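Read off the chains here:
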Amino acid sequence: MSKKLVQIGMDDIDNPDGRCTTHFASIIVERLKEWTVEWVDYPNLIRLNPNIPYRTRGNGAVALRFLIDHYDVDSIIPTVEGLIHDYVEGEYPNTNPGVVLFDDEVPKQVQSLSRLALWRVVPIELARRIIRTNNIPHYTSGNGRGLIGALSAVANTLHEDHTYEYIAYRALEDCEDKRGVDTVSVQSMDKTMGNRVFSNVDISTNRIMIEPHGKDPVLFGVRGEAAEYVIEAANLVKSKQDRDRWMVFRSNQGTGEHLKHRVEIRNLRPYMTAIVAGRVESKPRMIEGGHSIFTIKDDKDKIDCAAYEPSGEFRNIVMKLKVGDLVNVHAGVRPASRRHSLTLNLEGLEVVELANISEVSNPICAQCGKRMKSAGRGKGYKCTKCGHRDKDVRKIETSLVRDLLTGLHLPPAKAQRHLTRPLARIGKVNGGMPSSLVSKWHSH
Ligand code: ATP
């Protein structure tokens, strides 16, 4: 029997009261067992531009890739549509589900849209036009915004680098209550697993980061370098609430895939994610609320940069910058408002070159070692202690020793974006598609 490779993308299948696209994806995976499906990849959890305003949480979309008997392909979209209706109860103004299906190659236009969605704001009209011109089977409701994430997820095959996340879900009827993830079990899991997992505990505070705090069905999520590792790690985690289901995702989390573009200040636009190179133009200052602000300048223009209070000790690094330092700012662009101009919200700071800062002081007395005073214009210096005078000595210039290192500085893990490449992953690359899947990668 001939099988077809089918790829489905989906996004925005959530509501603020406890639904989420990845959870919905796990329900479809379960449902697909009714057909003879051969999985060629783990479900992909693709994070998109973290700075767009419409996201509910971490701007994640999902792609599923599998082989299926060719005559079943036409029934997939209607089945998914029915499942969405059952899943997203009621009408929420911010829920605009989108699902797309490919049973052939993903067109080049979709691939470009997918790359754009990692760092820019993509207009809905562009997604709709691509769907029309390429005749892409789809389902959408509301304003159709979910189609952007759906297309972007399918076209991203994570060939440069990827990581994994095991997501455990609680039952929907448990979503009002506390999850009760056991801190000690997570800390000890993190120690046992070492660098096979990442971003599960914030080392600066020892706080656990795998437990969300909203009313969504995610009980916890463990991130790591391979499917086997996240499964092993998750089995070491204890929680008060039960796991109702679980699934392993392949993901661009922790890869820094959104931060590939260097943009000049004059080309920055609201909500863009970009690397901006410049020299520090103003001394950093701490403003009310505990945010630290400084200005950078490139060849032509200036822009304010901000590290906010939740970024904790990262602000202390920022405060050590001096006028003239050369930096690459990793940032999201915050639009201008009545109170401030376009601003770069710092996601990371790469110090490229430290300015040579020197202090100038009066010479030391050759007789008694005390600092001298000017004896008047053109008259050299005199010592107020021993009275020694010297017409030929000059002011002393000393280079300031800087207590700031060149290289990349990041906020603590708790303040990092899902996509941020944490320091623990610098130099790590998991390229290509997995050649086979572990035998059990979801609960149903
Ligand atoms: P959840 O974690 O529950 O899936 P979320 O944080 O991913 O929530 P969504 O509710 O999915 O947020 O909303 C994000 C919306 O923004 C989606 O409709 C998605 O298609 C759209 N979107 C994502 N990236 C971009 C982009 N770069 N430009 C424009 N729209 C985008």
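Everything below is about the structure shown above.
These numbers were taken from a predicted model, which means no experiment stands behind them.

**Q** Where do I start with helix H5 (residues 146-155) in this structure?
**A** Because each turn of an α-helix spans 3.6 residues, side chains separated by three or four positions end up pointing in the same direction. Most of H5 is tucked away: 10 of the 10 residues are buried. Turning to H5, its buried residues are Gly-146, Leu-147, Ile-148, Gly-149, Ala-150, Leu-151, Ser-152, Ala-153, Val-154 and Ala-155.

**Q** Sorry if this is basic, but what is going on with the side chain of His-162 here?
**A** Structurally, the position occupied by His-162 is in the loop between H5 and strand S7 (163-169). A relative accessible area of 4% places His-162 in the buried class. Polar side-chain contacts of His-162 include one of 3.0 Å to the side chain of Arg-250. Non-local contacts of His-162, meaning those with residues more than four positions away in its chain, are made with Arg-250, Ser-251, Thr-255, Arg-425, Asn-430, Gly-431 and Gly-432.

**Q** Would you mind going over the state of the cysteines with me for this structure?
**A** Working definition: the covalent bond between the sulfur atoms of two cysteines is a disulfide. Per the stated rule, a full pass over the model turns up zero disulfides. For the unlinked cysteine Cys-175, the closest cysteine sulfur is that of Cys-20, found at 9.6 Å. The closest cysteine sulfur to the non-disulfide-bonded Cys-386 is located on Cys-365, 3.6 Å from its own sulfur. Overall, Cys-386 belongs to the partly exposed group, its relative accessible area being 41%.

**Q** Please clarify how a positive patch on the surface should be interpreted in this entry.
**A** Positive charge collects at one region of the surface, where Lys-370, Lys-373, Lys-379, Lys-382, Lys-385 and Arg-389 lie side by side. Relative to the helices and strands, Lys-382 resides in strand S20 (residues 381-382). Under the relative-accessibility criterion, Lys-382 is labelled partly exposed at 30%.

**Q** What is the right way to look at the site of the ligand in this model?
**A** Taken together, 23 residues sit near the ligand, with Asp-12, Asp-14, Thr-56, Arg-57 and Arg-120 positioned nearest. The contact in question runs from an oxygen atom of the ligand to an N or O atom on the backbone of Gly-58, over 3.1 Å. Here Gly-60 contributes a backbone N or O atom positioned 2.7 Å from an oxygen atom of the ligand. Each residue belonging to the shell around the ligand can be placed in one class, and the counts come to eight nonpolar, eight polar and seven charged.

**Q** Please clarify how the nonpolar core should be interpreted in this entry.
**A** Within soluble globular proteins, side chains that are nonpolar generally end up buried alongside one another. By size, the foremost hydrophobic cluster in this structure holds 57 residues, and its most contacted members are Met-10, Phe-220 and Val-248. Considering every element that reaches this core, the biggest residue donor is helix H2 (residues 76-87), with six residues. Of the residues that make up this core, three or more belong to each of domain 1 (3-155) and domain 2 (163-257). Discounting chain neighbours no more than four positions away, the residues touching Val-248 are Tyr-42, Pro-43, Tyr-164, Glu-165, Tyr-166, Ala-227, Val-230, Ile-231 and Trp-441.

About the thresholds
- Numbering of residues starts from 1 in every chain and runs along the sequence as written.
- Owing to the predicted nature of the model, reporting of local features is limited to residues with pLDDT of at least 70; listing and counting of side-chain atom pairs is limited to 80 or more, with chain, interface and lining totals taken over all residues.
- Side-chain metrics rest on all non-hydrogen atoms present in the structure, leaving aside hydrogens and water.
- Note on exposure labels: buried denotes an accessible area under 20% of the residue type's maximum, exposed denotes more than 50%, and partly exposed covers the range between, all computed with a 1.4 Å probe on protein chains only.
- Labels follow the DSSP assignment, with helices taken as runs of H or I lasting at least four residues and strands as runs of E lasting at least two, numbered in each case from the N terminus.
- Contacts described as polar in this section are N or O atom pairs within 3.5 Å, which, within protein, must combine one atom able to donate a hydrogen with one able to accept it, while residues neighboring in sequence count only if both atoms come from side chains.
- Whether two residues touch is decided by their heavy atoms; if any such pair falls within 4.5 Å, the residues are in contact.
- The rule for a disulfide is simple: a pair of cysteine sulfur atoms within 2.5 Å.
- Exposure above 30% relative accessible area and the absence of a salt bridge qualify a residue for a patch, where like charges join within 9 Å and nonpolar side chains (Val, Leu, Ile, Met, Phe, Trp, Tyr) within 5 Å.
- Note on areas: Shrake-Rupley, 1.4 Å probe, and residue coverage restricted to the protein chains presented here.
- The term salt bridge refers to a side-chain nitrogen of Lys or Arg lying within 4 Å of a carboxyl oxygen of Asp or Glu.
- When charges are counted, Lys and Arg are positive and Asp and Glu negative, with His and the chain ends excluded.
- In this description, the location of a charge corresponds to atom NZ of lysine, CZ of arginine, CG of aspartate or CD of glutamate.
- Any residue with a non-hydrogen atom lying within 4 Å of a molecule or strand is treated as near it.
- Gly counts as polar in this scheme, as do all residues outside two lists: the nonpolar Ala, Val, Leu, Ile, Met, Phe, Trp, Tyr, Cys and Pro, and the charged Asp, Glu, Lys and Arg.
- Remark: nonpolar core denotes a set of buried residues (Ala, Val, Leu, Ile, Met, Phe, Trp, Tyr, Cys) joined through side-chain atoms within 4.5 Å.
- All the domain ranges listed were derived from an automatic or database domain assignment.

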